[in-house]
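The lines below spell out each chain.
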Amino acid sequence: VSKEETVYVNATAEGEVKDITVSDWLKNSGSAEGDVSDVSDLEGIKNVKGDETFTQDGDKVTWNTDSSDIYYQGTSNKELPVDMKIKYYLDDQEITPEELAGKSGHLRMEVSYTNKSKKTVKVDKKDVEVYSPFVMVTGMILSSDNFSNVTIDNGKVISDGDKEMVVGVAVPGLKNSLDLSDDLSDKIDIPEGFTMEADVTDCTMGNTFTMAVTDLLSSLNLEDSDDLDELQDSLDELDDAAVKLVDGSKDLFDGTKELYDGTKDLYDGTEDLKDGTKTLKDGAKDLNDGAKTLKDGTSSLKDGAKTLDDGAKDLKDGAKDLKDGAKTLKDGAKDLKDGEKEFYDDGIKKLKDTMEEDFQSVLDRLEALQSDDAAYTSFTGKDDSMSGNVKFIIETEGFDDGSED
């Protein structure tokens, strides 16, 4: 026997709960022999589809059935495991739904959800507290006579000319459950709510409907997921983005500094090489001039022989400068290579290793969130022998000309 619950919530236009009705379906109870044991803290329980009877002792409910599934209903005043709040702003000023009705201007509607269902699961052999995975989907239909230029940040807007159909999506608590590092948190956007904006004329809004589904991760196959494998493979391509991802990292800064120093030595070596080449050229010119002077006459021999000696000396000095420049160039190239290696080893490689560790931690937590320990399987209770599934439907009131529907 399994138990499926649907929790219907009536709420104000701002998301405040007014009343809760729960419908329960005991599936396959007809295959049981005689009585079916159930657990429920509902008030005013009544059979809504058959004539099966029940007895109640505290939270224990025993149904007498031998041929049918059981459908029953009751009310609850329990706190919901996930809260929904709606705030309205007209021209950037917060406003109540009653005040907003009939007004015109630019509307911003902020819908936020708060997950309050915490569970303890095992992650890498450690006890970790996470939030039960809920996916929240809110839908609303807006008249094109009253709403135009409709946008939403986490969701979709579909227009058919007469009306705008808006769907917002969020997964409250998941980002916290995954315990994302700063680097991954900046790259992975997991919304806790959504914002809808529009230009409104004589603002009138109908009811909104929100569904909270509890089996978000059950269909994911993390081991064979191509998308997750591709994400892990993409860590090898982080080289180009490394500077942006770890801006301010000491290791990367040290590697970059070494790279800079090597580049500076390379530049200095190049300057020495340039100077040596210039001196060599000057020496060669002096040598040529000396030879010319020697050829012009014996009277200039002494001066020419001196110029030749100076040219040879300049040539020697130039060769020495050239050798020193080449050595400095070699040293600069070595420093440059060492800087590049340190930049990779202490910067990019360490970043990649860290990202891979962080990513594996995310995978481990996602797998833990798929476990029965993290699942939210019942709002009103169920017998230990039953499997369970629950979904929530939250309906918020609309408003029109200052009056509530």
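Since the structure is predicted, the reported quantities are computational estimates derived from the model, not experimental observations. (Residues numbered from 1 in each chain as written. Predicted model: local features only at pLDDT ≥ 70, side-chain atom pairs only at ≥ 80, totals over all residues. Heavy atoms only, no water.)

Attention now moves to the side chain of Thr214. Tracing the chain through its elements places Thr214 in the loop between strand 19 (208-213) and helix 4 (226-233). Look at Thr214 and you get buried, because its relative accessible area is 7%. In this structure the side chain of Thr214 is engaged in a polar contact, spanning 2.9 Å, whose partner is the backbone oxygen of Val390. Not counting residues up to four positions away in its chain, the partners in contact with Thr214 are Pro133, Phe134, Tyr376, Asn389 and Val390. (Helix = DSSP H or I, 4+ residues; strand = E, 2+ residues; numbered from the N terminus. Buried < 20%, exposed > 50% of the residue type's maximum accessible area, 1.4 Å probe, protein only. Polar contact = N/O pair within 3.5 Å; in protein donor to acceptor, adjacent residues only side chain to side chain. Contact = heavy atoms within 4.5 Å.)

Once that is clear, we can look at the sheet that holds strand 4 (residues 43-47). If you trace the 9 strands from one edge of the open sheet to the other, you get 4-7-2-1-20-19-13-16-15, paired in mixed fashion. Unpaired on one side and paired on the other, strand 4 and strand 15 (155-159) mark the two borders of the sheet. Across the sheet, the mean angle from the axis of one strand to that of its neighbour is 15°, orientation sign disregarded. Relative to strand 20 (residues 387-396), strand 1 (residues 2-11) runs parallel, the two being bridged by 10 bridges. Bridge pairing links Val7 to Phe392 in strand 20. (Pairing = 2+ DSSP bridges. Axes fitted to C-alpha atoms, helices over the stretch in contact; angles between N-to-C directions.)

Moving on to the nonpolar core. Grouped together as the largest cluster of nonpolar side chains are 50 residues, with contacts concentrated most on Val7, Tyr88, Phe147, Met196, Met205, Phe379 and Phe392. Looking at this core, the element that brings in the most residues is strand 8 (residues 82-90), giving 5 residues. Look past the residues within four positions of Phe147 in its chain and what remains in contact with it is Leu107, Leu142, Glu164, Ala198, Asp199, Val200, Cys203, Thr204 and Met205. (Core = buried A, V, L, I, M, F, W, Y, C linked by side-chain atoms within 4.5 Å.)

If you walk across this open sheet you meet the 3 strands as 3-6-5, and the pairing is antiparallel. Two strands in the sheet have a free side with no partner beyond their single neighbour: strand 3 (35-39) and strand 5 (53-57). Taken pair by pair, the neighbouring strands of this sheet meet at an average axis angle of 25°, ignoring direction. Of the strand pairs in this sheet, strand 5 and strand 6 (residues 60-64) are connected by 5 bridges, and their pairing is antiparallel. Within the sheet, the bridge partner assigned to Thr53 lies in strand 6 and is Asn64.

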